[in-house]
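This is what each chain is made of:
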Amino acid sequence: QGKIVDSGGGLVQPGGSLKLSCTAFGFDFSPYNIGWYRQAPGKERELVAIIARGGERTIYASSVKGRFTISRDDAKNTVYLQMDSLKPEDTALYFCNQEEHWGQGTQVTVSS
């Protein structure tokens with residue numbers, strides 16, 4: 001019966017940066033691989049990045065590799081997504097996932 005809270009989204013100009021956070025309440029993030037996903041209106045949900053238990057292994061979608069960085073702080077029960085060099089096509093609702101829980105999503109809009 002735990003939950004995840006996503007935060008950090010906003011409106012930024014192309015080339016700008018945002019750092020997203022998702023924090024788990026009521027359960028422990030540390031044993032799980034955690035993923036960030038995004039979905040734009042009219043488009044399918046897509047995986048953005050995954051961070052493995054322990055934080056040493058990561059996977060990125062080709063569209064964001066080199067621009068986004070996923071990290072975790074298990075002491076804070078939080079996973080982060082640092083997004084740099086943002087593009088208009090990054091505009092989407094971003095949310096994180098543990099095997100049994102989803103965050104509510106945080107909106108990222110990249111526009112001039």
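See above for the structure.
The structure presented is a predicted model; accordingly, all values stated were derived computationally and were not measured.

Caption draft 1: Representation of the packing of aromatic side chains within the structure. Across all of its chains, the model carries four aromatic pairs by this definition. Relative to F29, the ring of F27 lies with its centre 5.6 Å away and its plane at 85 degrees, an arrangement referred to as edge-to-face. The same class applies to F27 and to F29, which are both buried. With 6.2 Å between their ring centres and 15 degrees between their planes, Y37 and F95 make a pair best called stacked. With Y37 in strand 4 (residues 34-39) and F95 in strand 9 (residues 92-98), this residue pair connects regions lying 58 residues apart in the sequence.

Caption draft 2: Up close: the state of the cysteines. Taken as a whole, this structure holds one disulfide when the rule is applied. Disulfide pairing is shown between C22 and C96; the S-S distance is 2.3 Å. Torsion about the S-S bond of the C22 and C96 cystine: about 130 degrees, corresponding to right-handed handedness. On the criterion of sequence distance, the pair formed by C22 in strand 3 (residues 18-25) and C96 in strand 9 is long-range, its members being 74 residues apart. Taken individually, C22 and C96 each receive the classification buried, so the pair is uniform in this respect.

Caption draft 3: Structural view of the pairing of strand 8 (residues 78-83). Counting buried residues in strand 8 gives five out of six residues, a clear majority hidden from the surface. Where strand 3 and strand 8 come together, six bridges link them in antiparallel fashion. Across the sheet, residue K19 finds its bridge partner in strand 8, namely Q82.

Caption draft 4: Structural view of the environment of R57. Here R57 shows up in the loop between strand 5 (46-51) and strand 6 (58-60). Sequence separation of R57 and N33 is 24 residues, and the distance between their C-alpha atoms is 9.4 Å. Once residues within four sequence positions are removed from consideration, R57 is found in contact with I50, I51 and A52.

Caption draft 5: Representation of the pattern of salt bridges in the model. All told, the structure shown has four salt bridges when counted by the stated rule. Residue R38 pairs with E46 through a salt bridge whose shortest N-O separation is 2.8 Å. Overall, R38 belongs to the buried group, its relative accessible area being 6%. With a shortest N-O distance of 3.0 Å, D90 and R38 are connected by a salt bridge. With D90 in the loop between strand 8 and strand 9 and R38 in strand 4, this pair connects stretches of sequence that are 52 residues apart. Neither residue differs from the other here; D90 and R38 are each classed as buried.

Thresholds, definitions, all that
Residues numbered from 1 in each chain as written. Predicted model: local features only at pLDDT ≥ 70, side-chain atom pairs only at ≥ 80, totals over all residues. Heavy atoms only, no water. Phe/Tyr/Trp six-rings, centres within 6.5 Å; stacked < 30°, edge-to-face > 60°. Buried < 20%, exposed > 50% of the residue type's maximum accessible area, 1.4 Å probe, protein only. Helix = DSSP H or I, 4+ residues; strand = E, 2+ residues; numbered from the N terminus. Disulfide = S-S within 2.5 Å. Pairing = 2+ DSSP bridges. Contact = heavy atoms within 4.5 Å. Salt bridge = Lys/Arg side-chain N within 4 Å of Asp/Glu carboxyl O.

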